[in-house]
Amino acid sequence: MTAFQFDTFAIEGQSIAGVETNIRVPQLNLNLDIGRCPAAALRLDHLAVSHGHPDHLAGLPYYVVTRQFYGMKPPTIFLPHFLIDPIQRLLALWSEIQGFELQADLVGVEAGQRYPFRRDLLLEPLAVQHSIDAFGYVVYTRRQKLRPEFQGLPQSDIVALKRSGAELVYEQLTPILGFTGDTQIEGVLAHSAFLECEVLVIEATFLDERRDGPERARAGGHIHLDELVEHSARFANKALVLIHFSQAYAPEEIPGIVAAKCPSAFAERLRLLLRKRTRRQR
Ligand SMILES: [Zn+2]
Ligand SMILES: [Zn+2]
């Protein structure tokens, strides 16, 4: 299984345009999208869904029912608010089909709001630009920090200030992970959190002219590699994980295309989530 190790978490998963996307971050106990439901996705208690295309969503009922079958707790599923009603109806239908009620904690999210999903983690949906309404997500760590004006004071002063009711701490938010879902490039460039988070998982559906140039990529609500190169100076991320490549590209040719187009300082920060070749394709 492909996995990329970063400072405090690893990213693994699979993502092929039109087939399936499921990005997993085990240390954050988080799935991002669930086109199919691989076994490894079942172990993670949270799922954030970007949009309603089946290659990002169709594994949801399987994820819910299989966890229930194994006696695991109901998952918490963050969905764009406009998907709550159809997904509730979908789960009700599956409950009817199989004869018992499916249990999931569905949270309808609004762009720009922040949702705690662990004591030290927040999830922020951001509106992106795709062929249908879609969100990306940014995960923040939250830490209590002593306000600068109180730093360096003796402990006895801090205790006295605390007794007097002073606001001693503030919450420091650090964007550690971004996930664009499916979007054209403007949906990414519009949000500084995507450009500044430590690791950005970003779709790059089209890579060269053979399949579709940037104009066609934009028309479909997707990103072309040429656009990433054009705007590469804006990405301050430590690393970018490129996902959602079109099936038109064989996995073994993708690193060469990316290396030929990207300046080396940018290419060094890129990781490529490539699909595995099946035996039949060899
Ligand atoms: Zn997609
Ligand atoms: Zn899509």
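Before going into details, it helps to say that this report is about the structure given with it. Worth saying up front: this structure is predicted, and the values here are computed from it rather than measured. (Residues numbered from 1 in each chain as written. Chains lettered and ligands numbered in written order. Predicted model: local features only at pLDDT ≥ 70, side-chain atom pairs only at ≥ 80, totals over all residues.)

**Things to note about the overall build of the protein**
Rules: By the criteria applied, helices consist of DSSP H or I runs no shorter than four residues and strands consist of E runs no shorter than two, each listed in order from the N terminus. The reference for a compact globule is 2.2 Å times residues^0.38; the radius of gyration itself is calculated from the C-alpha atoms. Neighbour counting defines burial: a residue surrounded by 20 or more other C-beta atoms within 10 Å of its own C-beta is buried, one with 12 or fewer is exposed, and intermediate counts give partly exposed, using backbone-placed C-beta atoms. A pair of residues counts as a contact when their C-beta atoms, built from backbone coordinates, are within 7 Å of each other.
Secondary structure assignment for the protein yields eleven helices and 14 strands. Taken over C-alpha atoms, the radius of gyration comes to 21 Å for the protein, in line with the 19 Å a tight globule of 282 residues would show. With the principal axes as the frame, the protein shows a C-alpha extent of 70 × 55 × 30 Å. Within the protein, the proportion of its 282 residues that are buried is 38%. At a minimum sequence separation of 6, the contacts of the protein that also span at least 24 residues come to 58%.

**With respect to the sheet that holds strand S14 (residues 270–272)**
Our working definition: Criterion used throughout: strands pair if DSSP finds at least two bridges between them. Geometry is summarised by axes, namely lines fitted to C-alpha atoms with helices restricted to the contacting stretch, and by angles between N-to-C directions that run from 0 to 180 degrees.
Pairing is mixed in the open sheet, where seven strands are placed in the order S8-S9-S10-S11-S12-S13-S14. Each edge of the open sheet carries a strand with a single partner, namely strand S8 (115–118) and S14. Averaged over neighbouring strand pairs, the angle between their axes works out to 30 degrees when direction is ignored. With three bridges connecting them, strand S13 (residues 239–243) and S14 associate as parallel partners. What sits directly across from leucine 240, in S14, is leucine 270.

**Brief notes about helix H4 (residues 84–98)**
This is how the line gets drawn: How far a helix is expected to stretch is found by multiplying one less than its residue total by 1.5 Å.
End to end, H4 covers 21 Å across 15 residues, agreeing with the expected 21 Å (1.5 Å per residue, within 8%). Of the residues flanking the end of H4, it is glycine 99, one or two places downstream, whose phi is positive at about 85 degrees.

**Focus: the pairing of S13**
By the criterion of burial, S13 is predominantly enclosed, with four of the five residues buried. Judged from the five bridges that link them, strand S12 (residues 199–203) and S13 form a sheet pairing that is parallel. Across the sheet, the residue bridging to valine 199 is alanine 239, located in S13.

**Notes on the sheet that holds strand S1 (residues 3–5)**
The strand order across the open sheet formed by seven strands is S1-S2-S3-S4-S5-S6-S7, and the pairing between neighbours is mixed. Only two strands of the sheet have a single neighbouring strand rather than two, namely S1 and strand S7 (105–109). Within the sheet, the average angular offset between the axes of one strand and its neighbour, ignoring direction, is 20 degrees. Pairing of S1 with strand S2 (residues 10–16) involves three bridges; the strand directions are antiparallel. Bridged to glutamine 5 within S2 is alanine 10. Against the sheet, H4 contacts strand S6 (76–80) and S7, and its axis sits at roughly 160 degrees relative to S7.

**Let's talk about the pairing of strand S3 (residues 20–25)**
Most of S3 is tucked away: six of the six residues are buried. Every second residue of S3 is oriented toward a common face, with Glu20, Asn22 and Arg24 on one face and Thr21, Ile23 and Val25 on the other, all of them buried. Direction of pairing for S2 relative to S3: antiparallel, over a ladder of five bridges. Residue pairing in the sheet places glutamate 12 in a bridge with arginine 24 of S3. Linking S2 back to S3 in an antiparallel pair, the connection comprises three residues, with glycine 18 at a positive phi of about 75 degrees. Pairing of S3 with strand S4 (residues 30–32), which is carried by three bridges, proceeds in the antiparallel orientation.

**A word on the environment of histidine 222**
Along the chain, the position of histidine 222 falls in the loop between helix H8 (214–219) and helix H9 (225–230). When the 24 C-beta atoms within 10 Å are taken as the criterion, histidine 222 is described as buried. Remark: the alpha-carbon pair of histidine 222 and glutamate 186, spanning 36 residues in sequence, is separated by 9.8 Å. Histidine 222 has contacts with Asp182, Gln184, Glu203, Thr205, Phe206 and Ala217, leaving out every residue within four places of it along the chain.

**Thoughts on the packing of helix H3 (residues 60–69) against H4**
Quick reminder of the rule: Roughly parallel means an angle under 35 degrees; roughly antiparallel, over 145; roughly perpendicular, 65 to 115; everything else is oblique. Crossings are assigned a handedness: left-handed for a near helix turned anticlockwise from the far helix by less than a right angle, right-handed for a clockwise turn. For this classification, the nonpolar set comprises Ala, Val, Leu, Ile, Met, Phe, Trp, Tyr, Cys and Pro, the charged set comprises Asp, Glu, Lys and Arg, and every other residue, Gly included, is treated as polar.
Close contact between H3 and H4 brings their axes to 11 Å; oriented N to C, the two are set at 50 degrees. If you check the angle between H3 and H4, you find them oblique. Relative to H4, H3 is oriented so that their crossing is right-handed. Residue-level contacts link Leu60, Pro61, Val64 and Val65 of H3 to Ile87, Leu90, Leu91 and Trp94 of H4. Class assignment for the residues of the contact of H3 with H4 results in eight nonpolar, no polar and no charged.

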